[in-house]
Amino acid sequence: MGESAKKPWSGRFDKPSESAMEQFNASIGFDRRLYRADIAGSRAQAKALAKIGVLTAQELDRILQALDQVEAEIASGRLALAAHLEDIHMAVEARLIEIVGEVGGKLHTGRSRNDQVALDERLYLREAARETAAGIDRLQTVLLDFAERHIDALMPGYTHLQQAQPVRLSHYTMALFWMLDRDRGRFDACAERADAMPLGSGAFAGSAYPIDREFLASELGFSRITPNSIDAVSDRDYLLEYMAAAAILIGHLSRFCEDLIVWSSSEFRFIELADAYSTGSSMMPQKKNPDSLELVRGKSGRVYGNLMALLTVMKGLPLTYSKDLQEDKEPFFDTVDTVHQVLEVFTGAWRTMTVLTDRMREALDGTVVATDLADYLVRKGLPFRETHRIVGRLVRSALSQGRRLDELDLRTLHSECDLFEADVAESLCAEASVNRRELDGGTGYEAVAAQIRGGRQLLSRRTRRTEG
Ligand code: ARG
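Residues numbered from 1 in each chain as written. Predicted model: local features only at pLDDT ≥ 70, side-chain atom pairs only at ≥ 80, totals over all residues. Heavy atoms only, no water.

Caption draft 1: Here's a closer look at the overall build of the protein chain. Helix and strand content of the protein chain: 18 helices and four strands. Relative to the 2.2 N^0.38 estimate, which gives 23 Å for 468 residues, the radius of gyration of the protein chain is 31 Å and therefore markedly larger than a compact globule would have. With the C-alpha coordinates of the protein chain rotated into their principal frame, the extents come out at 100 × 50 × 40 Å. Evaluated residue by residue, the protein chain yields a buried proportion of 50% over its 468 residues. When contacts within the protein chain are restricted to residue pairs at least 6 apart in sequence, long-range pairs at least 24 apart make up 75% of them. With the model as given, the accessible surface of the protein chain reaches about 22700 Å², and the carbon-plus-sulfur share is 52%. Across the protein chain, 59 positive and 70 negative side-chain charges occur, with their mean positions spaced 1 Å apart. (Helix = DSSP H or I, 4+ residues; strand = E, 2+ residues; numbered from the N terminus. Rg over C-alpha atoms; globule rule 2.2 N^0.38 Å. Buried < 20%, exposed > 50% of the residue type's maximum accessible area, 1.4 Å probe, protein only. Contact = heavy atoms within 4.5 Å. Areas by Shrake-Rupley, 256 points an atom, 1.4 Å probe, with all protein chains shown as cover. Lys, Arg positive; Asp, Glu negative; His and termini not counted. Charge placed at Lys NZ, Arg CZ, Asp CG, Glu CD.)

Caption draft 2: Summary view of the site of the ligand. Surveying the vicinity of the ligand reveals the residues Ser27, Asp31, Asp87, His89, Arg113, Asn114, Val117, Tyr321, Gln326 and Lys329. In the model, a nitrogen atom of the ligand is placed 3.1 Å from a nitrogen or oxygen of the Ser27 side chain. Side-chain polar atom of Tyr321 to an oxygen atom of the ligand: 2.4 Å apart, as the coordinates give it. Against a free-state accessible area of 340 Å², the protein chains account for coverage of 87% of the ligand. Sorting elements by how many residues they give to the shell around the ligand places helix H6 (residues 113-149) first, with three residues. When the residues that make up the shell around the ligand are grouped by side-chain class, the tally is two nonpolar, four polar and four charged. (Near = heavy atom within 4 Å. Polar contact = N/O pair within 3.5 Å; in protein donor to acceptor, adjacent residues only side chain to side chain. Nonpolar A, V, L, I, M, F, W, Y, C, P; charged D, E, K, R; others polar.)

Caption draft 3: Spatial organisation of helix H4 (residues 57-75). Between its terminal C-alpha atoms H4 stretches 27 Å, which fits the 27 Å expected from 19 residues at 1.5 Å a residue. The inward-facing, buried residues of H4 abut helix H3 (35-51) and helix H5 (88-100). (Expected span 1.5 Å × (residues − 1).)

Caption draft 4: Examining the packing of aromatic side chains more closely. Summed over the entire model, instances satisfying the criterion amount to 16 aromatic pairs. With a centroid separation of 4.8 Å and an interplanar angle of 85 degrees, the aromatic rings of Phe177 and Trp178 are classed as edge-to-face. A relative accessible area of 27% places Trp178 in the partly exposed class. Cluster of aromatic residues (ring-pair linked, three or more members): Phe146, Tyr158, Tyr172, Phe256, Trp263, Phe268, Phe270, Phe346 and Trp350. Across from the ring centre of Phe13, 5.9 Å away, lies the NZ or CZ of Arg12, which sits over that ring. Lying across the ring of Phe215, Lys51 places its NZ or CZ 4.7 Å from the centre. (Phe/Tyr/Trp six-rings, centres within 6.5 Å; stacked < 30°, edge-to-face > 60°. Lys NZ or Arg CZ within 6 Å of the ring centre and 35° of its normal.)

Caption draft 5: Spotlight on the nonpolar core. Ile74, Tyr242, Leu253, Trp263, Phe332, Phe346 and Trp350 are the most contacted members of the largest nonpolar core, which has 107 residues in total. If one sorts the elements of this core by residue count, helix H10 (residues 237-263) sits on top with 16 residues. Residues within four places of Tyr242 in sequence aside, it is in contact with Leu125, Ala128, Ala129, Thr132, Phe187, Cys190, Phe332, Thr335, Val336, Val339 and His340. One finds Val368, Leu408, Phe420 and Val434 within the second-largest nonpolar core, a separate group that totals 24 residues. (Core = buried A, V, L, I, M, F, W, Y, C linked by side-chain atoms within 4.5 Å.)

Caption draft 6: The arrangement of the pattern of salt bridges in detail. Overall, the coordinates contain 38 salt bridges when judged by the stated rule. Between Glu71 and Arg36 there is a salt bridge whose closest N-O contact spans 3.1 Å. Here Arg36 lies in helix H3 and Glu71 lies in helix H4, a separation of 35 residues in the sequence. Judged by relative accessible area, which is 14%, Glu71 ranks as buried. Measuring nitrogen to oxygen at the nearest pair gives 3.5 Å for the salt bridge that ties Glu192 to Arg224. Of this pair, Glu192 sits in helix H7 (residues 169-193) while Arg224 sits in the loop between helix H8 (213-219) and helix H9 (229-234), placing them 32 residues apart in sequence. (Salt bridge = Lys/Arg side-chain N within 4 Å of Asp/Glu carboxyl O.)

Caption draft 7: H10, seen in detail. Over its 27 residues, H10 runs 39 Å from end to end, which matches the ideal 39 Å to within 8%, given 1.5 Å per residue. The buried fraction of H10 is high, at 19 of 27 residues.

Caption draft 8: Representation of a nonpolar patch on the surface in the model. Among the surface-exposed residues, Phe204, Ile230 and Leu319 lie close enough to one another that they form a single nonpolar patch of about 290 Å² accessible area. Position of Phe204 relative to the elements: it lies in the loop between H7 and H8. (Patch = residues over 30% accessible without salt bridge, like charges linked within 9 Å, V, L, I, M, F, W, Y side chains within 5 Å.)

Caption draft 9: Geometry of the environment of Arg62. By secondary structure assignment, the location of Arg62 is in helix H4. A relative accessible area of 43% places Arg62 in the partly exposed class. Measuring from C-alpha to C-alpha, the distance between Arg62 and Gly104 comes to 8.8 Å, with 42 residues separating the pair along the chain. Non-local contacts of Arg62, meaning those with residues more than four positions away in its chain, are made with Val100 and Val103. Within polar-contact distance, the side chain of Arg62 engages the backbone oxygen of Val100 at 2.8 Å.

Caption draft 10: Seen up close, the pairing of strand E1 (residues 154-159). Across six bridges, E1 lies against strand E2 (residues 162-168) in antiparallel orientation. Bridge pairing in E2 places Leu154 opposite Arg168. (Pairing = 2+ DSSP bridges.)

Caption draft 11: Structural detail: the packing of H10 against helix H12 (residues 329-352). At a minimum axis separation of 10 Å, H10 and H12 run at an interaxial angle of 30 degrees. Viewed along their axes, H10 and H12 adopt a mutual orientation that is roughly parallel. Between H10 and H12 the crossing geometry is left-handed. Here H10 contributes Leu239, Tyr242, Met243, Ala246, Leu249, Ile250, Leu253, Phe256, Cys257 and Leu260 to the contact with H12, which in turn contributes Pro331, Phe332, Thr335, Val336, Val339, His340, Val342, Leu343, Phe346 and Trp350. Of the residues assigned to the contact of H10 with H12, the class counts are 18 nonpolar, two polar and no charged. (Axes fitted to C-alpha atoms, helices over the stretch in contact; angles between N-to-C directions. Parallel < 35°, antiparallel > 145°, perpendicular 65-115°, else oblique. Left-handed = near helix turned anticlockwise from the far one by under 90°.)

Caption draft 12: Up close: the packing of H6 against helix H18 (residues 445-467). Packing of H6 against H18 leaves a shortest axis separation of 10 Å and a crossing angle of 150 degrees. Here H6 lies roughly antiparallel to H18, going by the angle between them. Helix-helix and strand crossings are classified by hand; for H6 and H18 the assignment is left-handed. Of H18, the residues touching H6 (which contributes Asp137, Gln140, Thr141, Leu144, Asp145, Ala147 and Glu148) are Ile452, Gly455, Arg456, Leu459 and Arg462.

Structural data, given as structure tokens:
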């Protein structure tokens, strides 16, 4: 027999695995990144076993020391993690036994890889969610600084990608800030729900040893233990939640990428991306392409796909554990890596882009204040529906004369309605339009400044919480 004879489960087998099967079955190629979590779990497990007399104090010491050594060997890349070792759990155990001898074989008492992998994933997710949240905080800070800096800049707001009403660039920016805030809440909530310690579930029926689960939870920094061993080894909803939160997050970023890509075209020229976040063309010397933003938009495909992949794996799986569950890791890890990369690049691209605020202001077309003109007549006492019709006709005549709405003289205005007076002119400029929207959540100066203040308070409360 070859390497396969070394498998801890080989006792029941006559023949070794086919090599294609061995490769197919192995998860070590991608679950190696769980090694820190796995070893942390083993330390806690060893201490819990010592508490119930399965390990003596000396055995515990030797095992803990050896686990430190295994961790250092993996961290430095000195330990070869070959496919015949199957997965990270068996690889760590195999090396442990090599170091301490037979006594290492006691560590797996009352434990299964089923509760072990659930533990490792929850520990890994906790770190990942923390990092994701920090990335969101950094982006939110950049957005606040940007919104503050550009509070006076006006831009055309769009519906159907047609100019609709003028808004502050800051107001537009804060829209993303609040979307991200809900995203962060989703990651926090997912980490909070995953904060339950599964060890002691064994294969699925619960360990036959009276292991102190509350002790394990506090050793590993969990606030509670999982309440049902079958549930604990069967579900992967914690990974699904992270991936769903990531899908919604990248969907948000992708829409802003789309706007910025359009804005960086020569037709719009509202913004220019920094060289550091653009690339050139191999053929057309003049090109400066917004590849950073296009890739963020493009990566949404894989993040959505990863969520779909795991949802599909889970659907219809009989309880409790089946090897199908091993397929949870690659999509999850890929989502974690992608989201962190995306947050970093998007944040950098936004922070370093130049806004051509004059261009944005000039781009406001001659009819973008039409709603304000209708509102003017409402203030003179007409019902909005009627003012809408009147202004619609004025827009038509302005367009046919090639003029802006604010260029129409009183005589022309009176041809549609005699309630217009000289003060109409000042109510038609874009500044007046935005500043009439001072209600909470509106695009007026004070309203946007209040949003920015609110955002700052939120972030500083958060920093205090993580530091305190
Ligand atoms: N590598 C496995 C996984 O990722 C660990 C659990 C194996 N359990 C088992 N009963 N074969 O799911």
